[in-house]
Amino acid sequence: MTAAQELVLVGGGHTHALVLEGWARDRLPGVALTLVTPEPTAPYTGMLPGFIAGHYPRDTLEIDLAHLCERAGARLLRARVTGLDRAARRLHLSDGTALPYDIAALDVGITSDLPQLPGYTEHAVSAKPLGNYARRWEAWRAHVAAGAVSPRIAVIGGGVAGVELALAMAHRLRDLGAEITVIEAQRMLPNIGARARKRLLAHLDHARVRCLEQAEVTEISPDGVSLQDGTQIAASLVLGAAGSRPQDWLRDTGLHLTDGFVTVGPTLQAVQDAAIFAVGDCAHMAHAPRPKAGVYAVRQAPVLQANLRAALTGGPMRRYTPQRDYLKLISLGDRRALADKWALPLEGRWLWWLKDRIDARFMAQFRA
Ligand SMILES: Cc1cc2nc3c(=O)[nH]c(=O)nc-3n(C[C@H](O)[C@H](O)[C@H](O)COP(=O)(O)OP(=O)(O)OC[C@H]3O[C@@H](n4cnc5c(N)ncnc54)[C@H](O)[C@@H]3O)c2cc1C
């Protein structure tokens, strides 16, 4: 009897969750499937602002990876991958062990931490990985309710994620006289349409969220944030939502990287290693670069699934061509959302309803 081929999924990001779901319905005989993930669940970012605003309980945004593995007949290894020996085809894990693979796929996302910023690691929390943020938010709110800390928040990063989260937090704290400041090194909301930007700025103003542009954070302390010009922003919660940083260990893999992200071609294979696939935010699609967004991670899933099978069986590969743009539904805190895609930005309760339906449908497929 020949030994099973080892297929290892690294990280339980959106693409891998969908691949596991597909595998549960259609397994490939002779293949041992393993998922390496630090947590047995993975949070779905689309619903994070709704959770922060208090519209969803915590468990509604968790994808149950352990359950998916059980259904797919896959082994779940609770660990972080810390390195990759491509010559020996082994993954190094945070528990000091090594895991052999024939084919491996990386879906480990990004991080929004700022380790070079003095005081960040000790006193701030990053929006991603978001499990941490969700936990800290709940604990911080309990402290606020107990009167132990004042409801002052500083958000570092004035992109869509920072703004959406600031509006969600403002909504949740609306009766507490919270002070929320968004600090942006350049211009607020640089990557959305001009009209949608204008509306979002008006919503921030209405929610009494202060926005500072061209403001550079130099240090974070237990009392808040210091800016380059000497301004001090008092805050008992500092949230980092500035940009996307690739994971450091990818640097030592010898894989071709673009700005630190694994460069892949249309088959989602690393450009100079056909045994490694990379998807979601940790990958850079050289053939069709796109911003980091969950919509691409989700759409890559059927192609990854087909190509993992092809790599294991020698069949033909599929090409992934991402859509040019997508409908961005930005939640406004209070069960309303704004759409940024068409020239005229639309907003209202019906768009929140639409977003809620899309998110609920996405999550339902994992509960089969
Ligand atoms: C507030 C907010 C709102 C957003 N809203 C939207 C939206 O409405 N629409 C949209 O398209 N995009 C949105 N995004 C972006 C979206 O969240 C990401 O593009 C998406 O999550 C990327 O998915 P992924 O598959 O790359 O993996 P991720 O969801 O990032 O998951 C990566 C997984 O890998 C695991 N992992 C990490 N490191 C390791 C390791 N070393 N070893 C093993 N496992 C590891 C992590 O635990 C995690 O579970 C939003 C982001 C934020 C912050």
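All values reported here derive from a predicted model rather than from experimental measurement. For every chain, the first residue of its written sequence is number 1, and the numbers climb from 1 along that sequence. Where local features are concerned, this predicted model is filtered to residues with pLDDT of at least 70; where side-chain atom pairs are given and counted, the filter is 80 or more; whole-chain, interface and lining totals use all residues.

A. Region of interest: the packing of helix α6 (residues 160-172) against helix α7 (residues 194-206). Taken N-terminus to C-terminus, the directions of α6 and α7 make an angle of 30 degrees; their axes are 10 Å apart at the nearest point. Looking at the two axes, α6 sits roughly parallel to α7. Note that α6 runs across α7; the crossing there is left-handed. Facing α6, whose interface residues are V163, A166 and L167, α7 presents L200, H203 and L204. Within the contact of α6 with α7, the residues separate by chemical class into 5 nonpolar, 1 polar and no charged. An axis is simply a line fitted to the C-alpha atoms; with a helix, the fit covers only the stretch in contact. Between two such axes, the angle follows the N-to-C directions and lies from 0 to 180 degrees. Helical segments are the DSSP runs of H or I of at least four residues, strand segments are the runs of E of at least two, and each set is numbered from the N terminus. In what follows, roughly perpendicular refers to angles from 65 to 115 degrees, roughly parallel to angles under 35, roughly antiparallel to angles over 145, and oblique to any angle outside these ranges. Working rule for handedness: look at the near helix, and if it is turned counterclockwise from the far one by less than a right angle, call the crossing left-handed; if clockwise, right-handed. Residue pairs qualify as contacts under a 7 Å threshold applied to their C-beta atoms, which are placed from the backbone. Residues are sorted three ways: Asp, Glu, Lys and Arg are charged, Ala, Val, Leu, Ile, Met, Phe, Trp, Tyr, Cys and Pro are nonpolar, and all the rest, Gly among them, are polar.

B. Quick look at the domain arrangement of the protein chain. Either an automatic procedure or a domain database provided the assignment from which the domain bounds are taken. Here the protein chain is described as being made up of domain 1 (5-110 + 246-326) and domain 2 (120-243 + 328-357). Each partner contributes to the interface: domain 1 provides 16 residues, whereas domain 2 provides 17 residues.

C. Up close: the site of the ligand. The full set close to the ligand counts 35 residues, and G11, G13, T45, G109 and G280 are the nearest of them. When residues of the shell around the ligand are traced back to their parent elements, those giving at least two are α1 (14-25), β2 (31-37), α2 (48-53), α6 and α8 (294-313). Nearness here has a simple definition: the residue's C-beta atom, placed using the backbone, must lie within 6 Å of the molecule or strand.

D. Structural view of the environment of A79. You can see A79 is positioned in the loop between β5 (75-78) and β6 (81-85). As a rule, residues whose C-beta atom has 12 or fewer other C-beta atoms within 10 Å are exposed, those with 20 or more are buried, and those in between are partly exposed; C-beta atoms are placed from the backbone. Overall, the presence of 18 C-beta atoms within 10 Å leaves A79 in the partly exposed class. For the pair A79 and V264, spaced 185 residues apart in sequence, the C-alpha separation works out to 25 Å. When sequence neighbours within four positions are dropped, the list of residues in contact with A79 reads V36, P38, L93, S94 and D95.

E. Up close: α8. The end-to-end C-alpha distance of α8, which contains 20 residues, comes to 29 Å, matching closely the 28 Å that a straight helix rising 1.5 Å per residue would cover. At A301, α8 is bent by approximately 40 degrees, the largest bend along its length, and proline P302 sits one to four residues beyond. Looking at α8, one finds that the buried residues are Y296, A297, Q300, A301, V303, L304, Q305, N307, L308 and A311. For α8, the elements touching its buried residues are β1 (5-10), α1, β9 (103-106) and β21 (273-278). Backbone geometry just after α8 places G314 at a positive phi near 85 degrees. In this analysis, the expected span of each helix is defined as 1.5 Å times one less than the number of residues it contains. To get the bend at a residue, fit one axis to the 7 residues ending there and another to the 7 starting there, then take the angle between the axes.

F. How the structure looks around the sheet that holds strand β23 (residues 328-331). By the convention used here, strands pair only if DSSP detects at least 2 bridges between them. Spatial ordering of the open sheet is given by β23-β24-β25, a layout of 3 strands whose pairing is antiparallel. If you trace the sheet from one side to the other, it starts and ends with β23 and β25 (346-348), each paired once. In this sheet, neighbouring strand axes are inclined to one another by 20 degrees on average, regardless of whether the strands run parallel or antiparallel. Here β23 pairs with strand β24 (residues 337-340) via 4 bridges, running antiparallel. In the strand pairing of β24, I330 is matched with L338.

G. Region of interest: α6. Between its first and last C-alpha atoms α6 spans 18 Å; for 13 residues at 1.5 Å apiece the expected length is 18 Å, and the two agree. Counted residue by residue, α6 has 12 buried out of 13 residues, so it is predominantly covered. Along α6, the positions that sit buried rather than exposed are V160, A161, G162, V163, E164, L165, A166, L167, A168, M169, A170 and H171.

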